[in-house]
Amino acid sequence: MIDLHCHLLPGIDDGAPDLETSLEMARIAVADGITTIACTPHIYPGLYDNNGPDILRRVAALQADLEDAGIALKLVAGCDAHLTPTMVGELNSGHIPTLAGSRYFLFEPPHHVAPPRLEQSVMATLDAGYMPIITHPERLSWIESHYDTMKALARAGAWMQLTAGSITGRFGKRPQYWSERMLDEGLVHLVATDAHNLRNRKPLLADAVAMVAARLGDAAARDMVVTRPGMVLANAAPAAGPRAVGPAAKASTSLGVLRRLFRAA
Ligand SMILES: [Fe+2]
């Protein structure tokens, strides 16, 4: 599995505070079945003033530390880019690094206030040739009053990334409810850990993936942690990938299997 959202770099934001924690998080991820992690520290002007060139240097340094420690985990660079009015220019300049240098990047809406003109901001990045991945819509405190906005963003072409811990209930009932609803409505493209530490935000995907598989089928679950993340790393066109689907697809998959069985018989 590929985890496209993880605060693994040490001492750069509110993620891993030191190298020891980063290495232990990496061990946990590998044991969970994760083979590649995108290191995505916050870029949040005034709070976390990180930038692309520095993140790339730190990713290369941590990759070397992983190799020294004998941990088989591939790293790529990225960031968790908080919405700003100057996003497109910062993507163009490399100040905001995309995921593994692709067209895809993590777009973090504000947690507690629904931003005016969110749709226009997302569209501006799409029009500029980038592929925004909206991070953890299910955890936004304003999703209830703006759920239609999320649907419109997905319709416009943005991808939606759920947090694994929201699906498993680690963030409580409301994020779990919105996760299930978005899954059932075919609005989810990716699941990622958004891991921050060794306590309550570990880099774990497998349990959440099993829950998605039980809900939507194995293929849809795999698409969220293997197929689409692989497309991101390869900078493949989003249209070339599988469509996001709800539980109806699981039923039709089973029907397809039944038909094949009947034909075989
Ligand atoms: Fe994050």
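Residues numbered from 1 in each chain as written. Predicted model: local features only at pLDDT ≥ 70, side-chain atom pairs only at ≥ 80, totals over all residues.

**Structural notes on the overall build of the protein chain**
Right, on to step 1. Counting its regular elements, the protein chain contains 10 helices and nine strands.
Right, on to step 2. Relative to the 2.2 N^0.38 estimate, which gives 18 Å for 265 residues, the radius of gyration of the protein chain is 18 Å and therefore close to what a compact globule would have.
Right, on to step 3. Judged by the C-alpha coordinates and their principal axes, the protein chain covers about 60 × 45 × 35 Å.
Right, on to step 4. Every one of the 265 residues in the protein chain was classed for burial, and the buried ones make up 43%.
Right, on to step 5. The long-range fraction of contacts in the protein chain, counting pairs at least 24 apart against all pairs at least 6 apart in sequence, stands at 74%. (Helix = DSSP H or I, 4+ residues; strand = E, 2+ residues; numbered from the N terminus. Rg over C-alpha atoms; globule rule 2.2 N^0.38 Å. Buried ≥ 20, exposed ≤ 12 C-beta atoms within 10 Å, placed from the backbone. Contact = placed C-beta atoms within 7 Å.)

**Concerning the nonpolar core**
Right, on to step 1. Counting residues in each nonpolar core, the largest one holds 75 residues, and the members touching the most others are C39, F105, V191 and V212.
Right, on to step 2. Not counting the four nearest positions on each side in its chain, F105 is found in contact with G78, A81, L91, I96, T98, L99, Y130, P132 and I133. (Core = buried A, V, L, I, M, F, W, Y, C linked by C-beta atoms within 7 Å.)

**Here we look at helix α1 (residues 19–31)**
Right, on to step 1. With 13 residues, α1 should cover 18 Å at 1.5 Å per step; its first-to-last C-alpha distance of 18 Å lies within 8% of that length.
Right, on to step 2. Taken together, the buried positions of α1 are S22, L23, M25, A26 and A29. Buried positions in α1, seen along its axis, are confined to an arc of 160 degrees and lie on one side of it. In α1, the exposed positions angled more than 90 degrees off the buried face are occupied by E20 and A31.
Right, on to step 3. Lining the buried residues of α1 we find β1 (2–6), β2 (36–39) and α2 (52–68).
Right, on to step 4. Once α1 ends, the next one or two residues include G33, with phi positive near 105 degrees. (Expected span 1.5 Å × (residues − 1). Arc of directions from axis to C-beta.)

**Re the pairing of strand β8 (residues 159–163)**
Right, on to step 1. Burial runs high along β8: five of the five residues are buried.
Right, on to step 2. The two faces of β8 match: W159, Q161 and T163 on one face and M160 and L162 on the other face are all buried.
Right, on to step 3. As paired elements, strand β7 (residues 131–135) and β8 share three bridges and run parallel to each other. The partner of I133 across the bridge, within β8, is W159.
Right, on to step 4. As a crossover connection, the stretch from β7 through helix α5 (residues 147–156) into β8 is right-handed. (Pairing = 2+ DSSP bridges. Right-handed = clockwise from strand over helix to strand, strands pointing away.)

**Observations concerning the sheet that holds β1**
Right, on to step 1. Here we have three strands laid out as an open sheet, ordered β1-β2-β4, and parallel in their pairing. The outermost strands of the open sheet, each flanked by one partner alone, are β1 and β4 (74–77). On average, each strand axis in the sheet is tilted by 25 degrees relative to the strand beside it, whichever way the strands run.
Right, on to step 2. For β1 and β2, the ladder comprises three bridges, and the chain directions are parallel. In the strand pairing of β2, I2 is matched with T36.
Right, on to step 3. Contacts between α2 and the sheet are confined to β2 and β4, with β4 contributing the most and set at about 175 degrees to the helix. (Axes fitted to C-alpha atoms, helices over the stretch in contact; angles between N-to-C directions.)

**Digging into the sheet that holds strand β5 (residues 80–82)**
Right, on to step 1. The strand order across the open sheet formed by six strands is β3-β5-β6-β7-β8-β9, and the pairing between neighbours is parallel. The sheet is open, and its two edges are formed by β3 (42–43) and β9 (190–192), each paired on a single side.

**Thoughts on the packing of helix α4 (residues 118–127) against α5**
Between two packed helices, what matters for the description is the angle formed by their axes and the separation of those axes.
Right, on to step 1. Interaxial distance between α4 and α5 falls to 10 Å at its minimum, and their mutual angle equals 15 degrees. Between α4 and α5, the interaxial angle falls into the category roughly parallel. Crossing handedness for the pair α4 and α5: right-handed. Facing α4, whose interface residues are L118, E119, V122, M123 and L126, α5 presents T149, A152, L153 and A156.
Right, on to step 2. When its residues are assigned to classes, the contact of α4 with α5 shows seven nonpolar, one polar and one charged. (Parallel < 35°, antiparallel > 145°, perpendicular 65-115°, else oblique. Left-handed = near helix turned anticlockwise from the far one by under 90°. Nonpolar A, V, L, I, M, F, W, Y, C, P; charged D, E, K, R; others polar.)

**Considerations on the packing of helix α8 (residues 206–216) against helix α9 (residues 218–233)**
Right, on to step 1. Between α8 and α9, the shortest axis-to-axis distance is 7 Å and the interhelical angle comes to 140 degrees. With respect to their mutual orientation, α8 and α9 come out oblique. As for how α8 packs across α9, the hand of that crossing is right-handed. Along the contact surface, α8 presents V209, V212, A213 and L216, while α9 presents D218, A220, A221, M224 and V225.
Right, on to step 2. The class makeup of the residues in the contact of α8 with α9 is eight nonpolar, no polar and one charged.

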